[in-house]
Amino acid sequence: MERTKLLLGAAALGLVGNAHAEYALNLTRGVTQLSRDIYDLHMYILWVCVAIGVIVYGLLTYSVLHHRKSKGVVPATFHENTKLEVVWTVIPFLILLAMAVPATKVMIEAYDTSASDMTVKVTGYQWKWRYTYLDDGIDFFSTLDAKSNEARQLGSKINPETVEHYLLNVDHPLVVPVNKKIRFVFTAADVIHSWWVPALGWKKDTIPGFVTEAWARIDEPGVYRGQCAELCGRDHGFMPIVVEAKSEADYQAWLATQKAQTTAKADEAVTAASKSFTLPELMAKGEAVYNANCAACHQANGEGIPGNFPAIKGSPVALGPIDEHLSIVAKGKGAMMPGFSKTLDKVDIAAVVTYQRNGFGNDKGDLLQPSQVPSEN
Amino acid sequence: MASHDSYFLPHKAIWPIVGSIGLTTLLAGFANFLNGAAIGPMMMWLGAAIMITMLVGWFGTVIKESVAGWYSHQVEISFRWGMIWFIISEVFFFAAFFGALYYTRVLAIPWMGDEDSITNEFLWKSFESAWPTNGPGAIGGHFEPMGAWGIPALNTLILLSSGVTVTWAHWGLLANKRSQLIQGLIATVALGFLFVVLQAFEYHEAYTEMGLTLGSGIYGSTFFMLTGFHGLHVTIGAIMLTVVLLRSARGHFSPEHHFAFEAAAWYWHFVDVVWLGLFIFVYWL
Amino acid sequence: MSAVTHEDLHDHHDHGPAKGFLRWVFTTNHKDIGTLYLTTALIMFFVGGAMSLVIRAELFQPGLQFVDPGFFNQMTTLHALIMVFGAVMPAFAGLANWMIPIMIGAPDMALPRLNNWSFWLLPFAFALLASTLFMDGGAPAAGWTLYPPLVLQGGNNLPFAIFSIHLLGISSIMAAINIIVTIFNMRAPGMTMMKLPMFVWTWLITAFLLILVMPVFAGAVTMLLTDKFFGTSFFNAAGGGDPVLYQHLFWFFGHPEVYILILPSFGVVSQIIPTFARKPLFGYSSMVYATASIGLLSFVVWAHHQYTVGMPLAGELYFTYATMLIAVPTGVKVFNWVATMWKGAMTFETPMLFAIAFVVLFTFGGFTGLMMSISPADLQYHDTYFIVAHFHYVLVPGAVFALIAATYFWLPKWTGHMYDERLGKLHFWLTAISVNVLFFPQHFSGLAGMPRRIPDYAVQFAEFNAMSSIGAFIFGFSQLIFVYVIIKAIRGGQPATDEVWEGAAEHGLEWQLPSPPPYHSWEVAPLVK
Ligand code: HEA
Ligand code: HEA
Ligand code: CUA
Ligand SMILES: [Cu+2]
């Protein structure tokens, strides 16, 4: 019975190898040479195991069916056979050798990050990714898209089926060119994460304080989705990865707009930083910043998670002197509260501080202007 | 295989449950203390008191039974094996910390500090691998490393001599020379406590003058955790030997029956060997 | 000549157990303590199982229906810790206590007081662990592997969880010492090492593993504690430490730990199959050597759990080769079991059914283990449900089936009553089928890209998760039959003979004692030919 199940399962695995079912049964074959090599290795070892399984389970089943007391069998008395025992020690060993050789080849390939065309630095944060294009100076965060985020809240009543790419979509995908050897370097800002896109064939842990690397050369334009694969806290399940592979021309176009936007944003930030905002303006902006950056820990309703993340609602900090509040937001506090001076601009910081002081029924009444946010912090 | 003349089986044990309650109270108290709960210290004292009662009670019972001659040769063999495997488990506890020292020195720090390493290139450009170190973040601030040739070398001498004196005491016991036994033990215990006092002095020096603390990055962490756990074991060993000394004075041991002495002596040798490892890998190299 | 002296022999002649609840608190009797362990393990199995049902209920459909993601992570963490340290390990310790003295012809364990303490630390350890559920910030939520820096973000739970692990470690080490000493020093005359029943051999190797790895785990969590509260930098790069150091320490413990869970299972199955095949165990000495090889190899393969942390290439390759090698001695065991059945005269009572299912399904889990040992392939498999499927196949139809088989096998010996064979068979079929419904689909969701330790998932994984959850509930509730069968056999039933199973007397000393055995198992040592 178990045997039939195994065979059925194995057959199913083989059959759907290339089929495009809504749900896949087998490993992703992927869009890089490396991922296909890994896929082939996977299929090879799978079939070897199936073959051994057929033999072992076959003999076992035969024995169970035929060597029964109810069939009047008189039990044999043999209890060893050196020749046989040597055989079934040596043969598996040889089979393993036959697996180890291709495994070694593929592993060497996976580790060869030399001669790359470009480098992207990936930093894991709780719970978002940051992508830095080291050659082009582009730098942005990538978080779960708003629709999934809304639908995934406990008791949201939104049917996930109605959300396109539920939990596998982000606001800013990583955009890369096809047919270029891209070297990825990984690190993390807080805890360990793991960057995994099945279509690229591997995952790599991102470790705070250390750098790991991997590479990919994508040969088909397309959108490839993956997820964080190392438990990184409460929202580990909600930090997807989207890679958009574009043709060289499209990629260059994208690059140009990004660069333009980066400069424009910087200019805008400079002007905005000297502008004076009204309370409602700051509150509106602050809410957006808060929900994108703070709600993961302090919760959208500002109540935090007792014991882990302090409430903002009624917090002595949010109701206390504004300087201290600003300093915590900008510089962080303890091991868990990150400083935002490097990730948010002055307007965002001013807005989110203002929002925390006046939202959630805090009604402190004061506000912080971007110009009051000290620069070099 | 041991002969099966007779095997002592206690019928009822009250001390284990007392020990469980005591240890749990102690640890729960400590946990509360670490979390800043006011009840912590009180629970710790209570737990410690229960533990001491348990130890006195349990060992007292065993000593009584031993003196009453209820333990056959086979029972003593059980005790011996038990002690040997207990010591081996202790060796592996230290192995975890030696492993941490090895790993960080040989692997992690070069990854952070060697120029051809990507971690160095992207994160810790200005850090150069070296030992001792408190890491690229210079955690704990400036410190002076502990040299090998002052107190530590003296302590090596002390522990090695104490290994000799305890063996000399054992010879005395085997030859039924009571005064040699007792003198040997007194010397061993004295050397043991001297070691602890010198180590306390060394720690004081480290904290007050060298800026070297438990928080001095990985060097401070491995230094204090390794030497600290070792010091704790020296203290335990010295207490064990003190009890053995008192029992020797009462004439509890004979050349044939002296498991407690052997156990304490083995433990002492184990502490000795660990120290040699410490001296070489923590202080010297 | 009596082989036993008691402290109270000197005043009165009471050989039976004391009365009342305190009997269980103060007992030094190996069978009493075995019973305590087994009962605790069964309760913990339900507690840990109930937590897994929380997991499976939440994963029944995409979207978050029942629990907060933080609580989900707490459930995953506690489920694993409780199943491993609360259910499977104590259950095997219980079997060891009950059976080893009987199987080697001893009156009791070598160190009876220590034995009592080994057990009585457990309830306190679990009380500490369970108390974290009621704290601010809840229970630890970093997975059973407790990786820093994540685990250091826990609230008040951290020191309690760590001390709980220390207590569990002390308990396991003392139990292991006791088992080794008993096997070395308490064997009946003529019971040479190469005559030891396989169950005893496997436990001996397991006890070595425990003594060598539990202290390392204790050391690792101690470093977590000092990193969090005393400013050390073991796992903090800025201070010169490395979070991955913890992983090496953990898996130096964790990998042998999984063999700690499976070796005694091998032993149980090696007792059961010959009995019901009415044939001696095939290849006894190769079984012994295979067990020892697995034990040795288990110390040098740990980093196959860390293929994705960015080890140097040489490390990846070394750990790949070393891990693959374990298939050889394990294969020897599997082949020996099949050869034992070959040309036997088999009957299929419940213990045998579970043992056969063990061989089939454990081997299946072994195959996926082998696939994961191939490091390049594991770059895909790692931290997906493929892993979850692998280890549940070796743990549930592996270790847990062996435990269930052992219970049915020895229950008549323990209680003196035959269990209800009809209910046993019903239990078997429900369990064996549902366990596959529960864990087989997880291979598919894993391969298709579902990460583990997530409370919610993309919709393409919905079908397989729904199947798995249905399987989980059927599996879980089927275990209530098991409990019922046990209680029924304790309360009464057809009296068991000494031999219990036809021809069993040839397969071990335990079948030569009455059912149930006398309070001091072998007051006079048997002579083993
Ligand atoms: C009882 C517990 C148990 C057992 C016995 C095993 C057995 C094995 N395990 Fe498993 N494993 C776990 C419990 C167990 N494992 C757990 C709990 C985890 C996850 C931990 C976590 O992350 O939380 C894990 C994870 C795990 C990983 C890490 C995966 C990852 O996280 O990326 C790997 C990788 O190599 C692995 C490999 C193996 C191998 C090679 C065996 C081998 O021992 C299997 C050997 C058996 C066979 C191969 C079958 C029989 C052999 C034959 C019939 C002979 C012929 C066969 C051939 C020549 C192929 N296991
Ligand atoms: C021996 C160990 C063991 C055992 C027996 C089990 C048994 C089970 N496990 Fe477990 N599991 C682990 C060890 C084990 N597991 C480990 C190590 C992990 C990894 C954790 C981590 O990632 O850190 C894990 C993780 C894990 C996951 C992944 C969670 C995640 O990644 O987020 C899942 C999900 O399906 C799961 C499910 C189950 C189920 C359904 C069972 C079932 O077999 C359980 C069946 C038993 C019952 C259901 C009990 C019956 C209860 C009732 C009938 C309820 C009635 C209640 C009362 C009467 C009180 N387990
Ligand atoms: Cu980031 Cu999981
Ligand atoms: Cu492993």
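Cut-offs and rules
- All residue numbers refer to position in the chain's written sequence, counted from 1.
- Here chains are named by letter from A upward and ligands by number from 1 upward, in the order in which they appear as written.
- Since the coordinates come from a predicted model, pLDDT governs what is reported: local features require at least 70, and pairs of side-chain atoms require 80 or more to be given and counted, while whole-chain, interface and lining totals use all residues.
- Here the side-chain values reflect all heavy atoms present in the structure, with hydrogen atoms and water set aside.
- Cavities and pockets are found on a 1 Å grid laid over the protein atoms alone: a cavity is a set of points where a 1.4 Å probe fits but cannot escape, a pocket is an open set with protein on both sides within 12 Å along at least five of seven lines, and a lining residue has an atom within 4 Å of such a point.
- Grid points are joined across faces, edges and corners, and a volume is the space filled by probe spheres set on the points.
- Numbering of helices and strands starts at the N terminus; helices are DSSP runs of H or I of at least 4 residues and strands are runs of E of at least 2.
- Three categories are distinguished: nonpolar for Ala, Val, Leu, Ile, Met, Phe, Trp, Tyr, Cys and Pro, charged for Asp, Glu, Lys and Arg, and polar for the others, with Gly belonging to the last.
- The quantity called pLDDT is the predictor's confidence in a given residue, expressed from 0 to 100.
- Two residues form a contact once any of their heavy atoms are found within 4.5 Å.
- The rule for donors is simple: an N, O or S atom within 2.8 Å of the metal counts, and for Na, K and Ca the reach is 3.2 Å. Water is not among the atoms, so a site may look short of donors.
- A four-donor site is classed as tetrahedral when every donor-metal-donor angle falls between 85 and 135 degrees; four donors are called square planar, and six octahedral, when trans pairs exceed 155 degrees and all remaining angles lie between 65 and 115, with any other arrangement labelled irregular.
- Either an automatic procedure or a domain database provided the assignment from which the domain bounds are taken.
- Throughout, the accessible surface (probe 1.4 Å) given up by two parts as they are put together, summed over both, is called the buried area.
- The working definition used for a salt bridge is a side-chain nitrogen of Lys or Arg within 4 Å of a carboxyl oxygen of Asp or Glu.
- Each polar contact in these results corresponds to two N or O atoms within 3.5 Å; when the atoms are within protein, one needs to be able to donate a hydrogen and the other to accept it, and residues that are neighboring in sequence are counted only if both atoms are side-chain atoms.
- Near residues are defined by distance, with any heavy atom within 4 Å of the molecule or strand qualifying the residue.
- Burial status follows relative accessibility: with a 1.4 Å probe on protein chains alone, a residue under 20% of its type maximum counts as buried, one over 50% as exposed, and anything between as partly exposed.
- Here, a strand pair is defined by DSSP locating no fewer than two bridges between the strands.

*Asks:* Describe empty space enclosed by the protein, and please don't skip the residues or the numbers.
*Replies:* Residues and elements named next belong to chain C. Per the counting criterion, the structure on display carries 6 cavities of 30 Å³ or more. Each pocket or cavity is described by its volume, and for the second largest cavity that value is around 170 Å³. For the second largest cavity, the lining is made up of 16 residues, of which M89, P90, A93, S172 and L210 are closest to its centre. When contributions to the lining of the second largest cavity are tallied by element, the ones reaching two or more residues are α3 (69-104), α5 (157-185), α6 (198-229) and α7 (243-277). Top element by residues in the lining of the second largest cavity is α3. It accounts for 6 residues. Considered class by class, the residues forming the lining of the second largest cavity number 14 nonpolar, 2 polar and no charged.

*Asks:* Describe the confidence of the model for chain A, and please don't skip the residues or the numbers.
*Replies:* All names here are of chain A. Across chain A, pLDDT averages 86, with 92% of residues at or above 70. Mean pLDDT across the secondary structure elements of chain A bottoms out at helix α1 (residues 2-15), with 48, and peaks at strand β6 (residues 193-197), with 96. In the model, residues 10-21 has pLDDT below 50 throughout and makes 12 contacts with residues more than four positions away in sequence or in other chains.

*Asks:* Account for the coordination of the iron atom of ligand 2, with residues named and values stated.
*Replies:* Residue and element names in this part refer to chain C. The protein atoms that coordinate the iron atom of ligand 2 are H79 (NE2) and H392 (NE2), at distances of 2.0 Å. Coordination at the iron atom of ligand 2 is octahedral: its 6 donor atoms span angles of 89 to 180° at the metal. Of this pair, H79 sits in helix α3 while H392 sits in helix α13 (residues 385-415), placing them 313 residues apart in sequence.

*Asks:* Describe in detail the domain arrangement of chain A, supporting the description with residues and values.
*Replies:* The assigned domain composition of chain A is domain 1 (33-111), domain 2 (115-269) and domain 3 (274-372). Placing a centre on the C-alpha atoms of domain 1 of chain A and another on those of domain 3 of chain A gives a separation of 61 Å.

*Asks:* Summarise the interface of chain C and chain A; cite the residues concerned and give the values.
*Replies:* Across the contact, 106 residues belong to chain C and 98 residues belong to chain A. Taking both partners together, chain C and chain A bury about 8,600 Å²; carbon and sulfur atoms supply 71% of that area. Looking at the side of chain C facing chain A, the largest losses of area belong to Q153, F282 and Q380 of chain C, adding up to 8% of the total buried there. Put simply, K69 of chain A and E502 of chain C hold a salt bridge, and the shortest N to O gap is 3.0 Å. At the boundary of chain C with chain A, the tally comes to 25 residue pairs in polar contact (both at pLDDT 80 or more). A per-class count over the side of chain C that touches chain A returns 65 nonpolar, 27 polar and 14 charged.

*Asks:* Which residues make up the site of ligand 2, and what values go with them?
*Replies:* All names here are of chain C. Near ligand 2, the surroundings consist of 31 residues, among which R56, H79, W144, H392 and R453 are the closest. Note that an oxygen atom of ligand 2 is positioned 3.1 Å from one of the side-chain N or O atoms of T76. For ligand 2, a nitrogen atom lies 2.8 Å from a polar atom in the side chain of H79. When residues of the shell around ligand 2 are traced back to their parent elements, those giving at least two are α2 (30-58), α3, α13, α14 (421-447) and α15 (462-491). With 7 residues, α2 is the largest single contributor of residues to the shell around ligand 2. A breakdown of the residues in the shell around ligand 2 according to their chemical character gives 20 nonpolar, 8 polar and 3 charged.

*Asks:* Tell me about unusual backbone geometry, and please be specific about residues and values.
*Replies:* In this structure, the amide linkage connecting Q126 of chain A to the following residue, W127 of chain A, adopts the cis form with an omega of -5°. Residue placement: W127 of chain A occurs in the loop between β1 (118-125) and β2 (128-133). In the segment running from P148 of chain C into P149 of chain C, the intervening peptide bond is cis, with an omega of 0°. Looking at the element boundaries, P149 of chain C is found in the loop between α4 (112-131) and α5. Unusually for a residue other than glycine, F360 of chain A sits at a positive phi of about 50°. Mapped onto the secondary structure, F360 of chain A falls in the segment after α9 (346-358). When its relative accessible area of 16% is taken as the criterion, F360 of chain A is described as buried. Here the phi dihedral of L146 of chain C falls at roughly 50°; this positive angle occurs in a residue that is not glycine. Position of L146 of chain C relative to the elements: it lies in the loop between α4 and α5. Taking relative accessible area as the criterion, L146 of chain C reaches 4% and is therefore assigned buried.

*Asks:* Tell me what's going on with the coordination of the copper ion (ligand 4), and back it up with residues and numbers.
*Replies:* All names here are of chain C. Surrounding the copper ion (ligand 4) are the protein donor atoms H255 (ND1), H304 (NE2) and H305 (NE2), at 1.9 to 2.1 Å. Linear spacing of the donor residues for the copper ion (ligand 4) on their chain is H-x48-H-H. Between the copper ion (ligand 4) and the iron atom of ligand 1, a spacing of 4.6 Å is present. With H255 in helix α7 and H304 in the loop between α8 (284-297) and α9 (313-325), this residue pair connects regions lying 49 residues apart in the sequence. H255 gets classed as buried once you look at its relative accessible area, which sits at 3%. On the basis of relative accessibility, which here comes to 12%, the residue H304 falls in the buried class.

*Asks:* Tell me about the interface of chain A and chain B, and name the residues and values.
*Replies:* Each partner contributes residues to the interface: chain A has 9 residues there, and chain B has 8 residues. Both sides together, the interface formed by chain A and chain B hides about 740 Å², and carbon and sulfur atoms give 77% of it. Of all residues in chain A, the largest losses of buried area upon contact with chain B belong to G209, F210 and V211 of chain A, amounting jointly to 62% of the total for that side. In this assembly, chain A and chain B are joined by 0 salt bridges. Here chain A and chain B share 2 residue pairs in polar contact (both at pLDDT 80 or more) between them. Contributing elements (two or more residues each) for the side of chain A that touches chain B: β5 (182-188) and β8 (212-216) of chain A. It is β5 of chain A that contributes the most residues to the side of chain A that touches chain B, 3 residues altogether.

*Asks:* How would you sum up the pairing of β6 of chain A? Please name residues and give values.
*Replies:* Residue and element names in this part refer to chain A. Counting buried positions along β6 gives 5 out of 5 residues, so the element sits mostly inside the fold. The side-chain alternation of β6 yields two buried faces, one formed by H193, W195 and V197 and the other by S194 and W196. In the sheet, β6 pairs with strand β7 (residues 202-206) via 5 bridges, with the strands oriented antiparallel. Each residue of the ladder has a partner; that of W195, found in β7, is K204. Here β6 folds back onto β7, and the loop between the two strands holds 4 residues, one of which, G201, carries a positive phi near 95°. The pairing of β6 with strand β9 (residues 222-228) spans 2 bridges and is antiparallel. Residue pairing for β9: W196 is matched across the bridge by Q227.

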